[in-house]
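Observations on the model geometry
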Amino acid sequence: SGMGHVLILKNDGSLWGFGNNMYGQLAQGTMSMSIEEQLLKSPYMIYAECEPSKYTEPIKIMDDVKSMATGMGFSVVLKNDGSVWIFGLSMAGDLGDGRYTIINNKPIKVLENGLEVFAGEDAGFAITGDNELWRWGSNYWNLGGAIYHRYALPVRYTSNVKCVSNMQGYNFVV
């Protein structure tokens, strides 16, 4: 589960969720400001919210899902065709769409050829079919000697990857 939201993957491949939707992490509702209005208001602060901000019963998000992961205020979804989708809060490029501080309640496709997806507190990860690890969002601890603290677009991080694990904002690659 993420920041107050839970995702459920059913046997038929449908993805459902409930709980907090204030930042669009359930891909539902209406945003109080468009993405363009959010960026004009401030590229550094979040001013928008989604309504309704909470769902107490599970609601359907999408079909044809293979797996999913939740970050602090966002969700990462791997569909059966290998496409990787993200929605919710981006404070450090978490949505992988090139913008840092926005909320988005509409799924955004960020990668193709995915095999597995993972989420840290404010970073997303995907292992692709060629066993490369792609990442986006925060890199607070400068993993791998990277200069930048955050990535707003997916970047190839390393190759020959088997799995990724995370714990309280720390991420480990094997």
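Residues numbered from 1 in each chain as written. Predicted model: local features only at pLDDT ≥ 70, side-chain atom pairs only at ≥ 80, totals over all residues. Heavy atoms only, no water.

1. Section: the pattern of salt bridges
What counts is decided by this rule: For salt bridges, the criterion is a side-chain nitrogen of Lys or Arg within 4 Å of an Asp or Glu carboxyl oxygen. Secondary structure elements are taken from DSSP: a helix is a run of H or I of four residues or more, a strand is a run of E of two residues or more, and numbering for both begins at the N terminus. Here's how the labels work: a residue is buried when its accessible area is under 20% of the maximum for its type, exposed when over 50%, partly exposed in between, all with a 1.4 Å probe on protein chains only.
Inspection of the entire model under this criterion finds three salt bridges. Salt-bridge contacts for K109 lead to E112; the nearest nitrogen and oxygen are separated by 2.7 Å. Between R156 and E132 there is a salt bridge, and its shortest N-O distance comes to 2.7 Å. Pair noted here: R156 is in strand β13 (residues 150-158) and E132 is in the loop between β11 (123-128) and β12 (133-138), with a separation of 24 residues, a long-range link. Assessed through its relative accessible area of 15%, E132 is described here as buried.

2. A word on the packing of aromatic side chains
Stated formally: Centre distance within 6.5 Å is the pairing criterion for rings of Phe, Tyr and Trp, where only the six-membered ring of Trp is used; planes under 30 degrees apart are then read as stacked, over 60 as edge-to-face, and the remainder as tilted. The criterion is that NZ of a Lys, or CZ of an Arg, lies within 6 Å of the ring centre and within 35 degrees of the ring normal, and then a charge sits over that ring.
By the definition in use, this model includes zero aromatic pairs. One residue, K79, lies across the ring of W85, its end atom 5.8 Å from the ring centre. The ring of Y157 carries R135 above its face, with NZ or CZ at 5.3 Å from the centroid.

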